[in-house]
Structures are given as structure tokens and as C-alpha cells.
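# A structural walkthrough
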There are 2 protein chains.
Amino acid sequence: MMLRSAHLPLGFVVSPLLRCNTRLCSLVSLPAIAPLSQTDSAAVCPQKLLLCTPCPRSRGVFGAFRMSSGGRDSSPDVGAAPRPAVAPPAFQKPKICFCHSCGNPTKQVVPEGEEKIRAVCTACGKIHYENPKMVVGCLVEHNGKVLLCKRKIEPSYGLWTLPAGFLEIGESAAEGAARETLEEACAEVEILSPFAQLDIPCIGQSYIIFRARLKTPHFEPGPESLECALFSLEEIPFDSLAFSSIIVTLKMYIEDIKSGNLKFHYCTINKR
Amino acid sequence: MMLRSAHLPLGFVVSPLLRCNTRLCSLVSLPAIAPLSQTDSAAVCPQKLLLCTPCPRSRGVFGAFRMSSGGRDSSPDVGAAPRPAVAPPAFQKPKICFCHSCGNPTKQVVPEGEEKIRAVCTACGKIHYENPKMVVGCLVEHNGKVLLCKRKIEPSYGLWTLPAGFLEIGESAAEGAARETLEEACAEVEILSPFAQLDIPCIGQSYIIFRARLKTPHFEPGPESLECALFSLEEIPFDSLAFSSIIVTLKMYIEDIKSGNLKFHYCTINKR
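Residues numbered from 1 in each chain as written. Chains lettered and ligands numbered in written order. Predicted model: local features only at pLDDT ≥ 70, side-chain atom pairs only at ≥ 80, totals over all residues. Heavy atoms only, no water.

## Side note on the UniProt feature "domain: Nudix hydrolase" (unreviewed entry) in chain A
With numbering matched to this structure, UniProt assigns "domain: Nudix hydrolase" (unreviewed entry) to residues 131-254 of chain A. Helix makes up 19% of residues 131-254 of chain A and strand 42%, with an end-to-end C-alpha separation of 32 Å. (UniProt positions renumbered as here; feature names shortened; annotations may be inferred. Helix = DSSP H or I, 4+ residues; strand = E, 2+ residues; numbered from the N terminus.)

## Side note on unusual backbone geometry
That bond from E154 of chain A to P155 of chain A is cis: its omega, -5°, falls within 30 degrees of zero. Among the structural elements, P155 of chain A can be located in the loop between β6 (145-151) and β7 (160-161). Even without glycine at this site, N143 of chain B takes up a positive phi of about 55°. Structurally, N143 of chain B can be placed in the loop between β5 (133-142) and β6 (145-151).

## A look at the environment of K258 of chain B
Residue and element names in this part refer to chain B. Mapped onto the elements of the fold, K258 is located in helix α3 (residues 244-259). Relative accessible area serves as the criterion here: at 71%, K258 is assigned to the exposed category. Here the alpha-carbon distance between K258 and L233, two residues 25 residues apart in the chain, equals 9.9 Å. (Buried < 20%, exposed > 50% of the residue type's maximum accessible area, 1.4 Å probe, protein only.)

## Concerning the packing of aromatic side chains
Each aromatic ring pair is characterised by the separation of its centres together with the angle its planes make. Tallied over the entire structure, the rule returns seven aromatic pairs over all chains. Taking 5.8 Å as the distance between ring centres and 80° as the angle between the ring planes, the aromatic pair formed by F195 of chain A and Y253 of chain A counts as edge-to-face. Note that F195 of chain A is positioned in strand β9 (residues 189-200) and Y253 of chain A in helix α3 (residues 244-259), a separation of 58 residues in sequence. The exposure class of F195 of chain A is buried, given its relative accessible area of 1%. With a relative accessible area of 3%, Y253 of chain A lands in the buried category. Centre to centre, the rings of F210 of chain A and Y266 of chain B are 5.2 Å apart; their planes meet at 75°, and the pair counts as edge-to-face. (Phe/Tyr/Trp six-rings, centres within 6.5 Å; stacked < 30°, edge-to-face > 60°.)

And the structure:
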């Protein structure tokens, strides 16, 4: 199992498969192609110190009152944005206050046979579940450069990002990633391979990033972008990137390119 | 890029990265470790005939009226179940009839600046988005065998499955997969690596399956399981598996084991 390191801005931590309890979190890229025996022998989750920042998450934080980051508004990874993405459960207003089936008020209770607090309708008894959202996007390669979009919308207005957005019902992750790229950069792309899954539990999001390439060399800003441009790996504006997930993705990509070893990455990002 | 084939039961089709328009769908496993040049040279989505069944999905099916498979009730992949998972949009009752913020009725409209029909509150104007759900699970390996659970709940009562369920807010996919394994098989596992992502757009689900191993050789049925057992690859009861996603996952796993080449797989399952 290979360890990867990255120089990340302070303010968030990245962990391997399972979040470390020591608050010393690390980033690991998993070998997706490995003989069973080889993988087994290296299975004990390796830790490599990446950042030594206080990790805000603690045991027991997985309570049902934790809310996702809100509706789909092309604003993934809002933890990097000014909007309040994650607040302590005790102070967080329940998101589902009324039953969307019958319109009556809900109450926060632990349903029979379950362990977590859910919003349950006081009239019809319907249990309302909230689940993480998938954010899908493309790392578009073209002549050794990657395509970035400068955001025309909040959060992170004016910062650069990979084209990405929330997956819709009825499409696969690859289809959603291509759609977002078309919407944000007017670029038709061909999906090459899955590149990374980055879970951000504290805001209820999971990024699925695909490598892709332009079908034609055309791109231009869509309605949600101020500008679109190709950057060589040395030119990537790391001090002006919109989201932690994009920083991590691009850092991993650069390392892979440098090593000549592109692979699938899985990691968890714990943001403050 | 390697092509993988599998003998799957009729009734659903599996496609590679992008769904094929020819209705001849195929299954491809992506090389997650490959030099850029190698991957690029083989990027044109290869097709290998796997099943030649009519594909029920067509262009334009990505409308906003398509609904997800419903609440979280430990019943992923309901397309294999008797419950009505997917109905034609025209006949499907809108799921979000009332605003969960203020309790007033919603209407189905295309919000300004968007292209899809959404449930929008007639009083406060809140737009209600619906997104696919992530199902996370473990392929637990032990002495050359895999751990399966016989379902004690509907759908697919009495059929075998990998321990899996809906990802919760506040946990990573790997944590969720380990939790589900603990709940369904009372087994503490160590996550080894991501094994597969299987999107099922027609029911709004995406499976993320991890390879894992038992921390101790203990397991027993949890509240939602009738029985848990280890199966050698030759003993897997393919005629009694609960969900298409589980069939596909196990077929890919067997092929990988036989070839001595375990890798990460991404595919889309189109169910009838």
C-alpha cells in the first residue's frame, strides 16, 4: 500500500480509509490493482503524518442531528464557503420541520428499531432520512494541462475549481460529471477513468472525480463561470482554489503525474 | 484498459462508463493504475457485448420527476424487490408534496435559471432537490471465503447479500460500510481498499463496495439477518442473491481472484 503525502493549506485534515483517533491525520492513496496477498499484508491502515492540526471531529459526532450542507445549488463543498455548513448539533435547527408527504410537523425522535434520531411526522408517522450527497466532477486533461473554472457564484465566487456539482437522480456519476463540465465550461468531454473519491463527512458530501479529456478543443465559461482556462501543473493557482476537495484532488494528480503512476484514490477530508 | 465479462442473469444490463445508446451494453473494469499515455491510448470507451437485452432507458429520461427509491430503510437496490421502485414519470406521484421548512404545498416547476422540474414551495419559494443515495458495503474476505448475510427484512427476504446499507450523514463511506457490517453480521472489520462503484441511475442509488477482512473470526446474524455465513467462491449462491449490484460485485471479484489481479471497478447497472 503506497503512502502519498501532500502539502495542504492549514484548516483541514485529510485522513486515510478510517479516520484516526489521534488527531494526527494522514492521506493515503490506495493501490487499486494489487494481488490479494500483497494487499492483505499491507492492510493495517498505514498512517503518515500529513498535518498535525486539531481535528474538530470527535467520537459520537455521528448523531442524527448532523445535517447535510443543504440543497443542491451548485455549491458543493460549502465548508470552504462563508455559509454555515456545519454547526454543533445542539444549536442546529432541524432541517426537516414538516412532513413532505402530508405537511404536518415532524418531531425529532428515535424510531422503533433504530438508534438514531430522525425527523418523524407527528401525523402520518413517516420517517424522514437525510443522506450524504454525491458531488461529481471532471479533471479534464488537455496537452499536459488541466481545465479549471473561475466561479461566478457563491460560495467561493472568483475562485478556481474543477467543473463539478451535485449528482442528479437518473444519471450515473460519470454522466453527471460530464454534464457538469458541459454546464460550467461548455466543454464536451470523454470520461477516461475514476480518479478519486473524497468523502467530507462533516458536511455530508462525497466527491467522485473522473479523469476526462476534451472531445474537441473548445471550451468557454458557462453561466456559473467567470472564466475557464487550461493550466499547466506548475501554473495551478493553489492559493485561489475554491474548495479543499479540489486542492487535494489536484495535489494527488500532480504527484501521480510526476511518478508516472496514475491510480484511483480514496480518502476522507476532515474540515475545521 | 481491460475488459471484463460476466455471466449475469437476464433482467438487467451493465454498462461501462457511459451508457451505450445501442442498447448493447457491456461491463468494463477500469485500470486504476496506468501510465497516462497508456490510459489515453485506450481511452475510447471499449465495448464488449455482455448482454443483449432491451435497455429501458432512453434519451430524455433524466427528468426531474424521476424519483429516488425512497427513504432509508436498509433496503438498498430495491429494483430487485417487489416494491415499486421506478415508475414512468407521468404516473409517479411527486414525492415532495409539502415544504419541509414551512409545511406549505409545493408545486412542480422549473425554477428560474434551472432546466429541471423541481418541487418548489408555493409559500416560501424553497426549492427541494432530490439526489441519489449512496449504499455502502463490505466484501469481507476470510480464508479465501466471503461473508454473506441472508436477509431477514424485505425487500428480498430470505436472499443472500453482502452487508450493505445507506450511508449516513457524518460518516465516510468506509466508516459506513464497516458500520453496516457490524449491524448486519456483528462482525468487526478492517477496510482494505475500495473495490467497486456501481451506479444504478434508474433507482437513484450508487453502491460503494470495499474489500475488508475480519478483525476477529467472529460473526453472527444481526437484527436484519436470518443467517450469516462464509462462502467459498465456488459455493456462492448466485441463484439466491438479493440484488443485481451484489451479483455484479461478486462476479467481478471472482474474476479478479482468478486472474490474480484485484482492482477497482466502476460500472453502471441499468435495470429493467
